[in-house]
Amino acid sequence: MSKGAKPTTTWKDIWWQQDRVTAPQRPASERVHDFREIEQTVDDEAARREAARCIDCADPQCVEACPIGNHVKDWLVLVAEGKFLEAAAVCQATSSFPEIHARLCAQERQCERGCVLGAHGEPVAIGLVERFINEYAFDHGGVDVQPVPVRFNQPVAVIGSGPAGLTCADQLNQRGYPVTVFDAAAQPGGSLMFRIPGFKLDKDILKRRIAVFEKRGILFRCGVQIGKDTTIAQMFQEGFQAVFLGTGSQKPRELDVEGRHLENVFQALPFLAETQAVAEVHAIPLRDRKVVVVGCGDMAMDCLRTSLRLGASSVTCIYRRDSSAMPATKREFANAQAEGARFFWMARPTRFLGDEQGRVRGVECERTRLTDINESKRRDPTPNSLSFVVEADVVVLAIGFEVTPPPVTATEASLRLSEEGTIAVDQDGMTSIAGVFAAGEAVTRAGILGNAVRGGREAAAAIDRYLTAKR
Ligand SMILES: Cc1cc2nc3c(=O)[nH]c(=O)nc-3n(C[C@H](O)[C@H](O)[C@H](O)COP(=O)(O)OP(=O)(O)OC[C@H]3O[C@@H](n4cnc5c(N)ncnc54)[C@H](O)[C@@H]3O)c2cc1C
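Bear in mind that the values here come from a model prediction, so they are computed numbers and not experimental data.

A. How the structure looks around helix α14 (residues 298-309). Its 12 residues place the ends of α14 17 Å apart at the C-alpha level, agreeing with the 16 Å of an ideal helix rising 1.5 Å per residue. For α14, the full list of buried residues reads A300, M301, D302, C303, L304, R305, T306, S307, L308 and R309. Among the residues trailing α14, G311 stands out with phi positive, at a value near 90 degrees.

Structure, rendered in structure tokens:
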């Protein structure tokens, strides 16, 4: 710089002057009446302003903290410079549906937790910028919908159309393999379609992405259950040269207390499946009912917020630890609280009380206190002598999952299971059947979107190596 010249202030020098941008949310009083998404996409000016808070660090921990290794810093820098389509291309390089990650990933525990600004104040709102970029891409021709030419006549069957299956199918399609996705359900999407509520992920967003996959040449065959309607062996006979299993595996954890089998005591997964907008009829009527949800993770928040939308007169969460220990993300807890859910901390159910018709009418709870921190760095709840009853017409158990073999394994005798009970795979993601690969929750147990996607992507690379060697 020549003597006397004024230093140029760049966006890198002013990050600390900028407040974190927050996405506009529909007011709780309005959104609680429908299943539409609650957050809106920010405009380009707000997205640039937020992206400009990124200080372009040399060792970006946001990338390290992302389960799929998104090049977060690179696209933030591009957005700050106004290069939105270039940013979208960088997003799309590591994800088959970045607009869905933007909505569902728990950024506060992943990329945003790695953001260096978090040590001094608020991290960059990465999910907000990711959502903007990818909506911009859809609106401005930045999503490729051209059919991908087939390069290899080696068809692949993908079983299960959840995030693991969709990712694997997309990655193989982009490499030039003919791909057919099979799913037992009537529509593709797995948990994204049938369990995750629309207020977190609008089903039209998912359908828009599946339409892109179809245009690029992926075939979808829904209503086909492997193990009942056909078998893996039959798929090979039909000409498929490799099979991917992304069948998920979710068995809810049980609560062994008296009254568990009273009418209107549900597990969270069937409860969510039957109450979402995607279900044609809400099979569980909740209007003017008192709903109690046991557990305090994000799935419990989904159940609380679903109940509020279906007109429950009161919606109460019971959790055995205190608020500092709840597994729910801050974002989902804040949303549930704003929409009217009540929380009883430090209490656990000891009995479900019923009426003469065998319907649940209340939850008897005991107060808990917490032990000192144990080996797993948590405080365990222990009983306290106080007890109380919460009135309930409907109880939902959202207390986690057990590991269980996916149903498809029951009909495939030679498919080896891990000691835990999930599908066993080798370092390449191949199962005990040659040419059959698996990933997602069928292999890892219940988890998060990012892990299922990473598994699907790695399996696609392994299938590509396997088929390349066969050629
Ligand atoms: C209510 C709920 C909320 C969630 N919210 C979040 C969130 O906010 N953020 C986040 O990161 N993660 C969230 N998750 C977790 C995330 O959805 C899962 O980690 C992810 O869906 C797992 O993907 P998958 O492809 O392994 O399985 P799944 O999504 O379960 O898909 C499996 C598919 O396989 C099909 N299938 C099974 N057996 C057969 C068969 N024999 N033949 C044919 N098809 C078969 C099923 O019909 C299904 O479509 C949530 C999960 C749930 C249930």
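So that's the structure; there's more coming.
B. Region of the structure containing the sheet that holds strand β6 (residues 265-267). Reading across from one edge, β6-β13-β7-β8-β9 is the order of the five strands in this open sheet, with parallel pairing throughout. A strand with exactly one partner marks an edge of an open sheet, and here the two such strands are β6 and β9 (342-344). For this sheet the average axis-to-axis angle between neighbouring strands, irrespective of direction, equals 25 degrees. With three bridges connecting them, strand β8 (residues 314-318) and β9 associate as parallel partners. Among the inter-strand pairings, T316 is bridged to a residue of β9, identified as R342. In the packing of helix α13 (residues 268-275) onto the sheet, contacts are made with β6 and β13 (394-397), and the angle to β6 comes to roughly 90 degrees.

C. How the structure looks around unusual backbone geometry. For D288, which is not glycine, the phi torsion reads 60 degrees and is therefore positive. Overall, D288 belongs to the exposed group, its relative accessible area being 60%. A positive phi is found at R445, a non-glycine position, where the angle reads about 80 degrees. By secondary structure assignment, the location of R445 is in the loop between α16 (441-444) and α17 (449-470). Overall, R445 belongs to the partly exposed group, its relative accessible area being 35%.

D. Highlighting the environment of V79. Along the chain, V79 turns up in helix α4 (residues 72-80). In this structure, the C-alpha to C-alpha distance between V79 and R48, residues 31 residues apart in sequence, is 5.6 Å. If we ignore the near neighbours within four places in the chain, the residues touching V79 are A47, R48, A51, F84, A87, V129 and I133.

E. A look at the domain arrangement of the chain. According to the domain assignment, the chain consists of domain 1 (11-139), domain 2 (156-249 + 403-470) and domain 3 (253-401). Between the C-alpha centres of domain 2 and domain 3 there is a distance of 32 Å. On the domain 3 side, the residues contacting the 10 residues of domain 2 number 11 residues. Roughly 990 Å² is buried in total at the junction of domain 2 and domain 3, and carbon and sulfur atoms are behind 64% of that figure. Broken down residue by residue, the surface that domain 2 buries against domain 3 is led by R195, F199 and K200, which jointly contribute 53%. Inspection of the region where domain 2 meets domain 3 yields one salt bridge.

What counts as what
- Residues numbered from 1 in each chain as written.
- Predicted model: local features only at pLDDT ≥ 70, side-chain atom pairs only at ≥ 80, totals over all residues.
- Heavy atoms only, no water.
- Helix = DSSP H or I, 4+ residues; strand = E, 2+ residues; numbered from the N terminus.
- Expected span 1.5 Å × (residues − 1).
- Buried < 20%, exposed > 50% of the residue type's maximum accessible area, 1.4 Å probe, protein only.
- Pairing = 2+ DSSP bridges.
- Axes fitted to C-alpha atoms, helices over the stretch in contact; angles between N-to-C directions.
- Contact = heavy atoms within 4.5 Å.
- Domains from an automatic or database assignment.
- Buried area = accessible area lost by both parts, 1.4 Å probe.
- Salt bridge = Lys/Arg side-chain N within 4 Å of Asp/Glu carboxyl O.

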